[in-house]
Amino acid sequence: AVAEAKTSFERAMKTDDENSDGRRGLAEVAVLESDWEAAVEHALTATELFFQNPMAHYLLARGLEGLGDDDHAKIAYGVAITQAPGFRAAREHHLAQLERLGESAAAAEQKAAVEAIAAASVLEDAAAADDVDKVAAVIEQRRAERRGAPTANSSSGDAVDVPSDQPPVVIVSGLPRSGTSMMMQMLDAGGLPAYTDEKREADSDNPRGYYEHENATRLASNRDWVPESRGKAVKIVAQLLSYLPRGERYRIVFMDRDLRDIVRSQRVMLDRLGREGGRLSPGRMMTTLDAQVAQVERLLANRPDIEAIFVDYDEVIGDPAGVSARVAGFVDGLDEAAMVAAVDGSLRRQSSNG
């Protein structure tokens, strides 16, 4: 097969000797044959004919490394990776080179990137197969890694240039169907008044009410109301958090929930309303939702005016006292016993555990 490919590429070059694809193909054949000089010649020509060509730069790096020219090989690997950050083969070979050269710091950085790409590949395969349990497992691991990593924001909300006597805006956020209404009920019962207009009435999906305010749904276009919510709890959907204005101190209680449960709960609600759901499969929907959470995490890490804690929905149901104590330690002046009493475990219908 290699010989046939080589013949085909050579034939193409006879027709057009400035064919960058043909040159790249010959470079690939040369790498397979460990003909490093030919690999460098063809790959270098391919990059000269068309510079934005990560495969050609990668093949050039392979050829240079084969010839023992590590310095220029590192440059070529770097160009390939810059042009195609997800180019796994380029990163893996560059990692092997760095480890061989004993460059531990650069190797560690490259290894982390390779592992991230591998995890993304596993997640993509699981989502394509709609293996929701596998998708959930990978997402849980990725979240743990993201939240365990150092963040850019090491400042507390108190470091923000806001009057010391100005109470913070307490926000309950999360994806739809993640338990935000339940947390609002807990805070309200605990003594922190809810910022709500009570326009959205309780229904079978949220029997105790939604605790929403129309202003919060329009945060992207109108932020003048935010000072009104100081010293209160306001529910804001995760996708709108990036619109929070400067000049306030924010404390965010972000609700996590197993994405299998969220997707299932959303479908139940849509079925009850007689509406069709999106075209995405549950696995694809879960990866999309996790990407939105990751975007929120990046926001939280880079806004010194925001302090945040993550609260798991299932933990609230299973250990309301423990969660209430943690939230009360984050939001001052709450009645923990009243918060615990506000948790109604019978409301939990869609569970990944049965």
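Predicted model, so just to flag it, every value in this text is computed and none were measured.

Right, let's get into the overall build of the protein. Along its length, the protein carries 15 helices and four strands. Among the 354 residues that make up the protein, the fraction classed as buried is 44%. Considering only intrachain contacts with a sequence separation of at least 6, the fraction spanning at least 24 residues in the protein is 65%. Surface summary for the protein: the accessible area is close to 17,800 Å², and the carbon and sulfur share equals 49%.

Taking 1.5 Å per residue, 17 residues should reach 24 Å; helix 8 (residues 132-148) reaches 24 Å between its end C-alpha atoms and fits that length. Buried residues of helix 8: Val-135, Ala-136, Val-138, Ile-139 and Arg-143, and no others. Projected down its long axis, helix 8 shows its buried positions confined to an angular sector of 165°, all on one face. Away from its buried face, by an angle of more than 90 degrees, helix 8 presents the exposed residues Glu-140, Ala-144 and Gly-148.

A word on the packing of helix 1 (residues 2-15) against helix 2 (residues 20-32). Orientation of helix 1 relative to helix 2, taken along the N-to-C sense of each, is 150°, at an axis distance of 9 Å. Classified by the interaxial angle, the pair formed by helix 1 and helix 2 is roughly antiparallel. At the point where helix 1 passes helix 2, the crossing takes the left-handed sense. Contacts from Val-2, Ala-5, Lys-6, Phe-9, Glu-10 and Met-13 of helix 1 reach helix 2 at Asp-21, Gly-22, Arg-23, Gly-25, Leu-26, Val-29 and Leu-32. Partitioned by chemical class, the residues of the contact of helix 1 with helix 2 number seven nonpolar, two polar and four charged.

Attention now moves to the sheet that holds strand 3 (residues 250-256). The parallel open sheet is built from four strands, whose spatial order is 2-1-3-4. This sheet does not close on itself; its edge strands, each paired only once, are strand 2 (233-235) and strand 4 (306-312). Averaged over all neighbouring strand pairs, the angle between strand axes comes to 25°, with direction disregarded. Where strand 1 (residues 169-174) lies against strand 3, six bridges are found, and the strand directions are parallel. Of the residues in strand 3, the one forming a bridge with Val-172 is Val-253. Strands strand 3 and strand 4 of the sheet are contacted by helix 12 (residues 282-301), whose axis makes an angle of about 145° with strand 4.

Take the environment of Ala-3 next. Relative to the assigned elements, Ala-3 resides in helix 1. The exposure class of Ala-3 is exposed, given its relative accessible area of 53%.

A positive phi is found at Ser-34, a non-glycine position, where the angle reads about 60°. With respect to the element layout, Ser-34 can be found in the loop between helix 2 and helix 3 (36-49). Within the chain, Arg-177 stands out as a residue other than glycine whose phi angle is a positive 70°. When you line up the elements, Arg-177 lands in the loop between strand 1 and helix 9 (180-189).

Attention now goes to the confidence of the model for the protein. Of all residues in the protein, 88% have pLDDT values of 70 or greater, and the mean over the chain is 87. This model gives residues 154-158 a pLDDT under 50, and the stretch forms seven contacts once residues within four places in sequence are excluded. Scored below 50 in pLDDT, residues 348-354 shows 19 contacts in the model against residues more than four places distant or in partner chains.

It is worth spelling out the packing of aromatic side chains at this point. Scanning the entire structure with this criterion turns up four aromatic pairs. Centroid distance Tyr-195 to Trp-225: 5.4 Å. Interplanar angle 10°. Geometry classified as stacked. Of the two residues, Tyr-195 sits in the loop between helix 9 and helix 10 (214-217) while Trp-225 sits in the loop between helix 10 and strand 2, which places them 30 residues apart along the sequence. Consider the rings of Phe-254 and Phe-310, whose centres lie 5.6 Å apart with planes at 65°: the pair is edge-to-face. Placement of the pair is Phe-254 in strand 3 and Phe-310 in strand 4, with a sequence separation of 56 residues. Of the residues examined, Phe-310 reaches a relative accessible area of 23% and is grouped as partly exposed. Every member of this aromatic cluster is reached through a ring pair, and the members are Tyr-58, Tyr-77 and Phe-87. Lying across the ring of Phe-310, Arg-147 places its NZ or CZ 3.7 Å from the centre. Of note, Arg-257 hangs over the ring of Tyr-313, and the distance from its end group to the ring centre comes to 4.0 Å.

When two helices pack together, you describe them by how their axes are tilted relative to each other and by the distance separating the axes. The interhelical angle for the contact between helix 8 and helix 12, taken along N-to-C directions, is 10°, at an axis separation of 10 Å. The angle between the axes of helix 8 and helix 12 places the two elements in the roughly parallel class. Counting all contacts with helix 8, which are made through Val-132, Val-135, Ala-136, Ile-139, Arg-143, Arg-146 and Arg-147, the residues of helix 12 involved are Pro-282, Gly-283, Met-286, Thr-287, Asp-290, Val-293, Ala-294 and Glu-297. Split by residue class, the contact of helix 8 with helix 12 holds eight nonpolar, two polar and five charged.

Reading guide: rules and limits
Residue numbering note: each chain is counted from 1, following its sequence as written. For a predicted model such as this one, the threshold for reporting local features is a pLDDT of at least 70, and the threshold for listing and counting side-chain atom pairs is 80 or more; totals across whole chains, interfaces and linings nevertheless cover every residue. By convention in this description, side-chain values take in all heavy atoms of the structure and omit both hydrogens and water. Each helix corresponds to a stretch of at least 4 residues labelled H or I by DSSP, and each strand to a stretch of at least 2 residues labelled E; elements are numbered beginning at the N terminus. Each residue's exposure class comes from its accessible area (1.4 Å probe, protein chains only) as a fraction of the maximum for that residue type: buried when under 20%, exposed when over 50%, partly exposed otherwise. Contact criterion: two residues are considered in contact whenever any of their non-hydrogen atoms come within 4.5 Å of each other. Under the convention used here, a 1.4 Å probe and the Shrake-Rupley method define accessible areas, while residue burial counts only the protein chains that appear. In a helix, the anticipated span is given by 1.5 Å times the number of residues less one. What the arc measures is the spread of directions leading from the helix axis to the C-beta atoms. The convention used is that axes are lines fitted to C-alpha atoms, helices contributing only their stretch in contact, and that angles between N-to-C directions extend from 0 to 180 degrees. Working rule for angles: under 35 degrees goes down as roughly parallel, over 145 as roughly antiparallel, 65 to 115 as roughly perpendicular, anything else as oblique. Each crossing gets its handedness from the near helix: less than a right angle anticlockwise from the far helix is left-handed, clockwise is right-handed. When residue character is reported, Ala, Val, Leu, Ile, Met, Phe, Trp, Tyr, Cys and Pro are called nonpolar, Asp, Glu, Lys and Arg charged, and the others, Gly included, polar. DSSP bridges decide pairing: two strands pair if at least two such bridges lie between them. The predictor reports its confidence for every residue as pLDDT, a score running from 0 up to 100. Any two rings among Phe, Tyr and Trp, with Trp reduced to its six-membered ring, count as a pair given centres within 6.5 Å; such a pair is stacked if its planes are under 30 degrees apart, edge-to-face if over 60, and tilted if neither. Criterion for a charge above a ring: Lys NZ or Arg CZ within 6 Å of the ring centre, and within 35 degrees of the ring normal.

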